[in-house]
Amino acid sequence: MKNEILTGLILVLVGCLIIMLRNYFAKVIIEAQNRTWGFNFGEKEVVISKIVIIMTGFLFVLFGLLEVGLF
């Protein structure tokens, strides 16, 4: 029982951090893709990346809450 609560809390914490730091992560991800694959992505792709990051963070929070048993 304690492992599920700890895992759920960690998932919720990671999800919240991902959502709060979405601007940083979006810029880093797009810069890494440009550097590694030679793409020429710009601000439009950074905005799309922010949306995907918000959805990913929300899923982390949701799975964490499901693990704890609040849903």
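See the structure shown above.
Predicted model only: the values in this text are computed from it and were never measured.

On the surface, Leu13, Leu17, Met20, Leu21, Tyr24, Phe25, Val28 and Ile29 cluster together into a nonpolar patch covering about 740 Å² of accessible area. Mapped onto the nonpolar patch, the elements with two or more residues apiece are α1 (2–20) and α2 (22–37). Overall, the relative accessible area of 34% leaves Val28 in the partly exposed class.

A full pass over the atoms with the stated rule returns two aromatic pairs. Between Tyr24 and Phe25, the ring centres sit 5.7 Å apart and the planes meet at 55°, which makes this aromatic pair tilted. Accessibility expressed as a relative area gives 53% for Tyr24, which makes it exposed. Relative accessible area serves as the criterion here: at 30%, Phe25 is assigned to the partly exposed category. Note on Phe39 and Phe41: the rings are 4.9 Å apart at their centroids and 40° apart in plane angle, and the pair reads as tilted. Residue classification places Phe41 among the partly exposed positions, given a relative accessible area of 30%.

Calculation rules
One numbering rule holds for all chains: residues counted from 1, following each sequence as written. With pLDDT at 70 or above as the cut-off, local features in this predicted model cover only qualifying residues; side-chain atom pairs require 80 or more to be listed or tallied, and sums for whole chains, interfaces and linings still use all residues. Excluded from the side-chain calculation are hydrogens and water; included are all heavy atoms of the structure. Like charges within 9 Å and nonpolar side chains (Val, Leu, Ile, Met, Phe, Trp, Tyr) within 5 Å are joined into patches, using only residues over 30% in relative accessible area that form no salt bridge. Accessibility throughout is a Shrake-Rupley quantity obtained with a 1.4 Å probe, and a residue counts as covered only by protein chains that appear here. Just to be clear on terms, a salt bridge is a Lys or Arg side-chain nitrogen sitting within 4 Å of an Asp or Glu carboxyl oxygen. Secondary structure elements are defined from DSSP: runs of H or I of at least 4 residues count as helices, runs of E of at least 2 residues count as strands, and each element is numbered from the N terminus. Only protein chains enter the calculation, and the probe is 1.4 Å; a residue is then buried if its accessible area is under 20% of its type maximum, exposed if over 50%, and partly exposed in between. For Phe, Tyr and Trp, where Trp contributes only its six-membered ring, two rings pair if their centres lie within 6.5 Å, and the inter-plane angle classes them as stacked under 30 degrees, edge-to-face over 60, or tilted in between.

Without other data, these values stay purely geometric and don't point to any function.
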